[in-house]
Amino acid sequence: MALVPSFSYLLSRSRHSSVVRDSVFPKFSIALRKRFPLFFCRCYGPADNHRPITTVEAAKVETTLILKKDERFGSRGETEQVTSSSTIAAIVTSLGGPPGGVGIVRLSGPSAVPIAQGVFRPISRKRRNKSVWLPSSHVVDYGFVIDSQGNAIDEVLAIPMLAPKSYTREDVVELQCHGSEVCMRRVLQACLEAGARLAEPGEFTLRAFLNGRLDLSQAESVASLISSKSKSAADAALAGIQGGFSSMVKSLRAQCIELLTEIEARLDFDDEMPPLDEKSVANMIRRMLLDVDDALRTANYDKLLQFGLQLAIVGRPNVGKSSLLNAWSKSERAIVTDIAGTTRDVVEANVSVAGVPITLLDTAGIRNTDDTVEKLGVERSETAAAGADVIVMTVSAAEGWTPEDGELLARLKSNKVARTSSHVPMILVVNKMDRAISCEWLEKVSSSFTKHVLTCAVTGEGIADLESSLVEIMGLNDIHSGGRRWTVNQRQFEQLVRAREALVRLELSMKEAIPIDFWTIDLREAALALGRITGEDVSDEVLANIFGRFCIGK
Amino acid sequence: MASTLCLHVTRFTTQFPICCRRSTAWFIDDTRRQLLHGRCARRWCCRLSRRFSCSLRLRSPVSACSAQDWNNCSDAEDERYDVIVVGGGHAGCEAALASARLGAKTLLLTLNIDRIAWQPCNPAVGGPAKSQLVHEVDALGGEIGKMADKCYLQKRVLNASRGPAVRALRAQTDKREYASEMKKVVESAPNLSIREGMVTDILVGKNDNVEGVHTFFGMNFYAPSVVLTTGTFMSGKIWIGRTSMPAGRAGESASHGLTENLQRFGFEAGQLKTGTPARVDSRTVDFSGLEPQHGDEETNWFSFDPKYHITREQMCCYLTRTTKKTHQLIKENLHETPTYGGWVEARGPRYCPSIEDKIVRFQDKESHQIFLEPEGRSVPELYVQGFSTGLPERLQLQLLRTLPGLENCSMLRPAYAVEYDFLPAYQCFRSLMTKKIEGLFFSGQINGTTGYEEAAAQGIVSGINAARHADGKSLIVLERESSYIGTLVDDLVTKDLREPYRMLTSRSEHRLLLRSDNADSRLTPLGREIGLIDDYRWQVYQDKQARIAEEKKRLKTIKVPAGDLVADVEEVSGQPVKDSSTLESILKKPHVHYSILDKHGYGNVALTRIDKECIEIDIKYEGFIMRQQTQLQQMAMQQHRRLPDNLDYYSMTTLSNEAREKLSKVRPQTLGQASRVGGVSPADITALLIILESNRRRVEQQKWHQETSALADVSQDTMKATNA
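Residues numbered from 1 in each chain as written. Chains lettered and ligands numbered in written order. Predicted model: local features only at pLDDT ≥ 70, side-chain atom pairs only at ≥ 80, totals over all residues. Heavy atoms only, no water.

Draft legend 1. Seen up close, the overall build of chain B. Assigned secondary structure in chain B consists of 26 helices and 22 strands. When burial is assessed residue by residue, chain B has 61% of its 724 residues classed as buried. A fraction of 71% describes how many contacts in chain B between residues 6 or more apart in sequence connect residues 24 or more apart. Here chain B has roughly 28,500 Å² of accessible surface; of this, 52% comes from carbon and sulfur atoms. (Helix = DSSP H or I, 4+ residues; strand = E, 2+ residues; numbered from the N terminus. Buried < 20%, exposed > 50% of the residue type's maximum accessible area, 1.4 Å probe, protein only. Contact = heavy atoms within 4.5 Å. Areas by Shrake-Rupley, 256 points an atom, 1.4 Å probe, with all protein chains shown as cover.)

Draft legend 2. Focus on the nonpolar core. Residues and elements named next belong to chain B. If you look at the biggest cluster of nonpolar residues, it comprises 92 residues, and the most contacted ones within it are Ile84, Val213, Leu228, Leu262 and Leu440. If one sorts the elements of this core by residue count, helix α15 (residues 452–470) sits on top with eight residues. Sequence-distant contacts of leucine 440, defined by excluding residues within four places in its chain, comprise Ile202, Val210, Val226, Leu228, Leu262, Phe267, Leu432, Met433 and Thr434. (Core = buried A, V, L, I, M, F, W, Y, C linked by side-chain atoms within 4.5 Å.)

Draft legend 3. Inspection of the confidence of the model for chain B at higher detail. Across chain B, pLDDT averages 85, with 88% of residues at or above 70. Within the model, pLDDT remains below 50 along residues 1–75 of chain B, and this stretch shows 90 contacts once partners closer than five positions in the same chain are excluded. (pLDDT = per-residue confidence, 0-100.)

Draft legend 4. Structural detail: the sheet that holds strand β7 (residues 199–204) of chain B. Residue and element names in this part refer to chain B. Judged by pairing direction, the sheet is antiparallel, and its three strands sit side by side in the order β7-β8-β9 without closing on themselves. Each edge of the sheet is formed by a strand with only one pairing partner; in this case those strands are β7 and β9 (220–222). This sheet shows a mean twist of 25° between the axes of neighbouring strands, independent of strand direction. (Pairing = 2+ DSSP bridges. Axes fitted to C-alpha atoms, helices over the stretch in contact; angles between N-to-C directions.)

Draft legend 5. Structural context of the sheet that holds strand β11 (residues 237–240) of chain B. Residues and elements named next belong to chain B. Pairing is antiparallel across the open sheet formed by four strands, whose spatial order is β12-β11-β20-β13. Of all strands in the sheet, those bounded by a partner on one side alone are β12 (243–246) and β13 (270–276). Taking the axes of each pair of neighbouring strands and ignoring which way they run, one obtains an average angle of 25° across the sheet. Relative to β12, β11 runs antiparallel, the two being bridged by four bridges. Looking at the pairing, tryptophan 239 lines up with serine 244 of β12.

Draft legend 6. How the structure looks around the side chain of Asn159(B). Note on placement: Asn159(B) falls in the loop between β4 (152–158) and β5 (168–173). A distance of 2.7 Å separates a polar side-chain atom of Asn159(B) from the backbone oxygen of Leu267(A). Within the structure, the side chain of Asn159(B) is placed 3.1 Å from the backbone oxygen of Val166(B), a separation counted as a polar contact. When sequence neighbours within four positions are dropped, the list of residues in contact with Asn159(B) reads Arg266(A), Leu267(A), Asp270(A), Pro128(B), Val166(B) and Arg167(B). (Polar contact = N/O pair within 3.5 Å; in protein donor to acceptor, adjacent residues only side chain to side chain.)

Draft legend 7. Focus on the pattern of salt bridges. Residues and elements named next belong to chain B. In the structure shown here, the tally under the stated rule is 62 salt bridges over all chains. Between aspartate 517 and arginine 515 there is a salt bridge whose closest N-O contact spans 2.7 Å. For the pair aspartate 517 and arginine 515, one class covers both residues: buried. Shared partners join several salt bridges into a network, and the residues in it are Lys175, Arg176, Arg279, Glu375, Glu381 and Arg413. (Salt bridge = Lys/Arg side-chain N within 4 Å of Asp/Glu carboxyl O.)

Draft legend 8. Representation of the packing of α15(B) against helix α16 (residues 484–494) of chain B in the model. Residue and element names in this part refer to chain B. Remark: α15 packs on α16, axes separated minimally by 10 Å, with the N-to-C direction vectors making an angle of 90°. One element, α15, and the other, α16, form an angle in the roughly perpendicular class. Judged by residue contacts, Glu454, Ala457, Gln458 and Val461 of α15 engage Ile485, Leu488 and Leu492 from α16. A breakdown of the residues in the contact of α15 with α16 according to their chemical character gives five nonpolar, one polar and one charged. (Parallel < 35°, antiparallel > 145°, perpendicular 65-115°, else oblique. Nonpolar A, V, L, I, M, F, W, Y, C, P; charged D, E, K, R; others polar.)

Encoded structure:
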């Protein structure tokens, strides 16, 4: 008797799956009907139906939906994996409160693994040489997240959960990074740049639900969550668009639309329009690309405002790194003793310089040591230095420039070359000025650094100098003096990146002398991306524009 | 088709073996249908005797027949068809031909047999987006492309260098020849009867299914499928200046009564307006000072059938311009035009403005282009393109004579506007069957479109579906992404229409995939499956695809030989050629065409010019094409998800009010269609998805409950039984 429910379950399942099959492979369903008309044609012939036919049933007659593939491309298209939906990413641990120890960035969707492979570099003893990550489901890997330039951003744990054994029943990769907002946002940014889309509020839960993961009682809460959140997100997005930024995006988008109008009008009304000045179009596109670049640069400043900078304080043991951190942050975050090697782990403290949040990372003094714990600390110091935006190397004025300092400098430089391709500014801090012997050596080594500052951490002397040189080096001044103080959120930044990608492709098309119709593809994409920032759609606007602007019609 | 078949079976036993060649399944099906038809016939007779005493006499032998041998009554059989197509324009012809070719016994009812496939406006076929429609109709097995190839006066390729997706063929056609050639085809088509008649009502059965049509002079024609292609005739009214008269076209009477009767069945009707410019006598035009516009030297073709690729001598078009005098005359008489005089509110379509509209709206433009196009080889009529006007007739000749070259012209026909009834197409499914009445199909201007090509595209869809419906087969829907035809139909049934709908390339989101050159490889296999592509065409198609595939393979494998070719390619493209590159890779370089291979002897001489074009496009733009294809497929999975037909949108509180209202009105069939309904936001679609999933689970849960409770009952019973 126990068989009965299981059988009926099977029946209902199979019915369900045939519906799926019909909609996914309409072609297949036709073929079946054709081959076995006896089985099928009766179900669809209204004349055979003895029940009264209503219009609702008439609709069911129409079952054949044809999406024909181009047979000339057919063979290739079919073997290719069809990805059903986009891959989304978001920070899933809470933001805004006090930083937790660990933060999680989650990727979900059909290309979660390829995207993770793009940003994650595993470090394991077994496959040290292999840089591509080959995940096995539910096995944790340790490694680094790198950005598009190959710079290390943070050390993370990657946890792949492959479909269907995951929250959303899609491929999921979770990157556990350091809990500070800066780290999480940078990791997220790397994922977005690698092709993920920022998840809408509640979208993970939505996907989980739509993929049959949650039970029905949870459905209503999902619905209300999404409707309320999308409203508040829309409000927030609108509030977030400040005058300067929105007018710039709007003008960029208007330029896209104008170009599209110019081109499309000629495509549809060829003989009624004066010929298109392709050169001026090309110039305009180039100008737009510059503008988007400019906006992205500004957005990067803005990223500074939002995410801040990471500043690693490195140096030999006992030169006063922890004192410097304490003095700068006006706190007792780090333990200070006279014993060399007191700091074993990376200690963080937050300060604000010219309105930009700066995370100070106090590191263990770097030296060759046999102490296992200290050794790990030293490793972490080097990692921190590698991931930082600015390195502050501290030396003691009391001891002068020692050979160990020279060695450390060489090591930092070689690390920098290996891990990063871009230039990371280094500031030399000569601490313990109150006990200085002589400063003649300073001349010799200062060329290796972007700037040098004399401080006395105990009295707080020189901290102001350090701040001003930081402002100068990082160009933090420009944010205020440039008069472009706007905030760009992650979503807007993502769209700017998409718009830029489209325009870069467009420029390439122009260079390759690809016909003008192809330009519209990328222009449309750019306009769509920019429109998403301001919440406008493209399609009908172009048509309306064509009719509004040009004298067309026979 | 089924009924004709069973007629053969019962009437001529000699034909029985032939019928048996079909599968037994058919036979069984047919016998069942036969019984059914008998039943239906009796019902009609009752209906008839109630309504029309005159037809009682005609039908009386029928009532004497028993259900089984009803089909033997030849009188009745004459009135009965599988498909009735009302209207013999471009939609009607395609519909009737498609239906008849699929084996359905078809009747084409038209007001005037001499006006079949008439081109009342510009005698031209094709142009951007429209030419794609023509190619697609041809790829499916339609007629319009062949006709245009047969009757062209001039052909030009537009947008030649602007990309393969927007390249468009346009043909001036000989208006009279076109109509007479199409008439010949229609007249000689097997299974197709033609009859003059004005349909004033449709006959609807008990289950809201169409049963036939009723004509002005009291005839009833019966069929389970009816296609209405009323064009501008349904309550048509033509205007010149302030004067109007009821007419479908100048000199042809309008059709009355049908709108009201359709409204009685609950259809919503609206009015649209369009117009046509004056015709002048070419013998009175001085062409010497005008800029000639010649046709292309190398002729291109609409049809994929090489049998129709016969070049003809081309005629010339001419270009003239409006002058200061034109503008002055119009400005002085603006109050005489319907729009600016204020007695007609409806504005014409935006892409087809009248000359007064152009002059008022673009004040800074001193002159507008006017094209003079011949209407035929044997007639002196010239079409004055770009010069439609609402001015009264007494001013029209004066106005024409302000144009250079036309100073002494004589006018053959005045410009006029026409107002006509249409039925907003949200009332149709994407198969073009109406939602209200089963078996009733709409095509062409009745759905709010304009243009012969748009009409033909809808015509072939409704013709196919009407025949399939009559045959009890499932209906065909072309998805939006599959073709311009699909895009056209999807737009029609989904979007709000404010002006006659014209196809434009910018209406298609994936136009790079919907090119003219691949219309056959997109749609001919479907046409074959449906049954409109005969063995000959199928062979032609397969040979072409095989040649292309083989050549692409060859180009991929052959390395570029060092020598003149490399030097030439480097010079033309300005890019270096690597040693290891293949012939394929050099075709990808800018400005390099297949002809360069021919020039150096590396081309394939067995290929036609068209084949080479296809190959070049496939190779050159492969990256773009693949990218669009991937984007499309990502989207298609979600978009094609079907929505249940019985959704109560008003009860969905998570949708916005506007979305609830619009979705209830349009009742989209798929999620993608829902997202394209105006006023429906992405958030609404998400909410809809959640509701659908919840509903699905609720149903499953209920089922589970029922099953378990039933099971519990059973087990209780057995318990009782064992206890007893």
